[in-house]
Amino acid sequence: MMKRFFKILGYVMFGIFVGTALIVYRFPYDTLAKRIEAESSQRLGCELSIEELGYRFPLSLAFSRMSIESKDLGLAAPIVVNSGQIKAGLLALVSWKLGTGFSGTLFSGEVQGSLVLDSLLGPESYALDFQLQDIDLGELKLSEKIAVLSSLQGSLSGVWQLQGSLRNVMETSGSGKMAINQGSLELAPPGIKGIQLRELEGEGDFALEKRKLDIEQIAFSGRGVKGKAQGRASFENPLDQTRLELEGTIDFTSEAPQLYSLVRESMKQTSFQFVMQGPLQRLEYRLP
């Protein structure tokens with residue numbers, strides 16, 4: 001009797017396995033991708049494209065390429081995530097929330113994190129945690145209108161914790177920390193034709209509250225230069241109209257003799273307080 005029972009149970013389990021496998025195999029992933037693209041365009045105001053979306057064992061979706069494009073981001077080229085994976089967040093389901101983990105390759109670096117929506121049905125708000133690792137700033141093509149940052153190069157890493165409403169993503173709030181390694185930046189302060197900062201290492205803490213980014217503290221150093229800064233940015237749409245107010249100090253040292261001599265001869269000093277302010281499209285420098 002027991003032998004017969006386990007035999008029947010085996011047939012049932014095999015049937016469930018085969019049925020599940022067929023559902024997974026024949027699931028219309030292309031239709032799901034188009035639905036995600038349409039919802040993102042409607043809710044977030046961006047153009048999203050997903051290529052080769054499919055199932056990955058045991059509880060994940062994978063895609064070969066995801067492209068995100070928005071005129072308001074101030075980018076000259078789309079953001080592209082390659083070899084991405086989206087994992088189901090089972091712990092969030094216990095509280096009737098929708099949670100996912102994600103990972104992928106971004107600008108030759110890595111991005112990973114988690115997203116939790118407040119409800120399985122009709123979500124209104126979200127919580128997003130993500131990490132960036134070794135993002136190549138040289139591949140981040142900024143609009144020519146944001147000239148002050150167009151020459152920025154280096155490797156960017158950081159962590160962010162954000163939360164907000166799905167109906168208005170511009171009301172997002174949160175905090176984060178960013179760091180740059182082996183960076184370079186070309187500046188043209190008043191009185192100097194142009195200076196190139198090289199081998200920059202720096203990090204900063206940030207807080208975001210409804211379009212206002214508080215730059216709590218930035219510390220940086222490089223070949224022949226070191227400094228610190230703090231300030232705020234007020235995000236506008238489009239991004240090149242975002243207003244930046246930044247002030248700090250910068251010291252040039254003889255570690256970079258040519259740069260040190262250029263600054264000393266042009267400005268008659270090598271230690272400065274500085275102010276950067278205005279919209280990113282027309283950012284102005286001032287040395288008090």
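Before any of the text, the structure's been laid out above.
So, here's what we can say about the structure. (Residues numbered from 1 in each chain as written. Predicted model: local features only at pLDDT ≥ 70, side-chain atom pairs only at ≥ 80, totals over all residues. Heavy atoms only, no water.)

Quick look at the overall build of the protein chain
A tally of regular secondary structure across the protein chain gives four helices and 15 strands. Looking at the 288 residues of the protein chain, the share that counts as buried comes to 34%. As presented, the protein chain carries roughly 18000 Å² of accessible surface, and 57% of it is formed by carbon and sulfur atoms. (Helix = DSSP H or I, 4+ residues; strand = E, 2+ residues; numbered from the N terminus. Buried < 20%, exposed > 50% of the residue type's maximum accessible area, 1.4 Å probe, protein only. Areas by Shrake-Rupley, 256 points an atom, 1.4 Å probe, with all protein chains shown as cover.)

Side note on the nonpolar core
Among the nonpolar cores identified, the biggest contains 45 residues, and Leu197 and Phe252 are the most heavily contacted of them. Discounting chain neighbours no more than four positions away, the residues touching Phe252 are Ile195, Leu197, Gly224, Val225, Leu259, Tyr260, Val263, Thr270 and Phe272. (Core = buried A, V, L, I, M, F, W, Y, C linked by side-chain atoms within 4.5 Å. Contact = heavy atoms within 4.5 Å.)

So, the pairing of strand 3 (residues 60-69)
Direction of pairing for strand 1 (residues 47-51) relative to strand 3: antiparallel, over a ladder of five bridges. Across the sheet, residue Ile50 finds its bridge partner in strand 3, namely Met66. Across three bridges, strand 2 (residues 54-56) lies against strand 3 in antiparallel orientation. Paired with Tyr55 across the bridge in strand 3 is Leu61. (Pairing = 2+ DSSP bridges.)

What about the environment of Pro78?
Looking at the secondary structure, you find Pro78 in the loop between strand 3 and strand 4 (79-88). Looking at Pro78, the relative accessible area reads 32%, which means it is partly exposed. For the pair formed by Pro78 and Ser67, sequence separation is 11 residues and the distance between their alpha carbons is 6.2 Å. Sequence-distant contacts of Pro78, that is, excluding residues within four places in its chain, are made with Ser67, Ile68 and Glu69.

Some words on the pattern of salt bridges
For the coordinates displayed, the defined rule picks out four salt bridges. Between Lys177 and Asp205 there is a salt bridge, with its nearest N and O atoms 2.5 Å apart. Linking Lys177 in strand 9 (residues 173-187) with Asp205 in strand 10 (residues 195-209), this pair joins segments that are 28 residues apart in sequence. You can call Lys177 partly exposed: its relative accessible area is 38%. A salt bridge links Glu245 to Arg243, with the nearest nitrogen and oxygen atoms 3.6 Å apart. The exposure class assigned to Glu245 is partly exposed, which follows from its relative accessible area of 31%. Using a relative accessible area of 37% as the deciding quantity, one classes Arg243 as partly exposed. Residues joined by salt bridges that share partners form a network here, namely Arg232, Arg243 and Glu245. (Salt bridge = Lys/Arg side-chain N within 4 Å of Asp/Glu carboxyl O.)

Things to note about the pairing of strand 11 (residues 212-222)
As a general feature of sheets, a regular strand has side chains that alternate between the two faces. Bridge count between strand 10 and strand 11: nine bridges; the pairing is antiparallel. Bridge pairing in strand 11 links Leu208 to Leu213. Counting the residues between successive antiparallel strands, the hairpin from strand 10 to strand 11 contains two residues, one of them, Lys210, with a positive phi of roughly 50°. As paired elements, strand 11 and strand 12 (residues 225-234) share nine bridges and run antiparallel to each other. Bridged to Ser221 within strand 12 is Lys226. If you look at the hairpin formed by strand 11 and strand 12, you'll find two residues sitting between the two strands, and Gly224 has a positive phi there, around 80°.

Quick look at the side chain of Ser155
The residue Ser155 is located in strand 8 (residues 153-165) in this model. When its relative accessible area of 19% is taken as the criterion, Ser155 is described as buried. Not counting chain neighbours up to four residues away, the residues in contact with Ser155 comprise Asp134, Ile135, Ala179, Ile180 and Asn181.

So, the packing of aromatic side chains
On inspection of all chains with the given rule, the structure shows two aromatic pairs. Judged by centre distance (6.1 Å) and plane angle (25°), the rings of Trp160 and Phe206 are stacked. One end of the pair, Trp160, is in strand 8; the other, Phe206, is in strand 10, with 46 residues separating them in the sequence. The two residues Trp160 and Phe206 agree in class, both being buried. Ring centres of Phe252 and Phe272 lie 6.2 Å apart, and the angle between their planes is 80°; this geometry places the pair in the edge-to-face category. Residue Phe252 is found in strand 13 (residues 243-252), and its partner Phe272 is found in strand 14 (residues 271-279); the two are separated by 20 residues along the sequence. (Phe/Tyr/Trp six-rings, centres within 6.5 Å; stacked < 30°, edge-to-face > 60°.)

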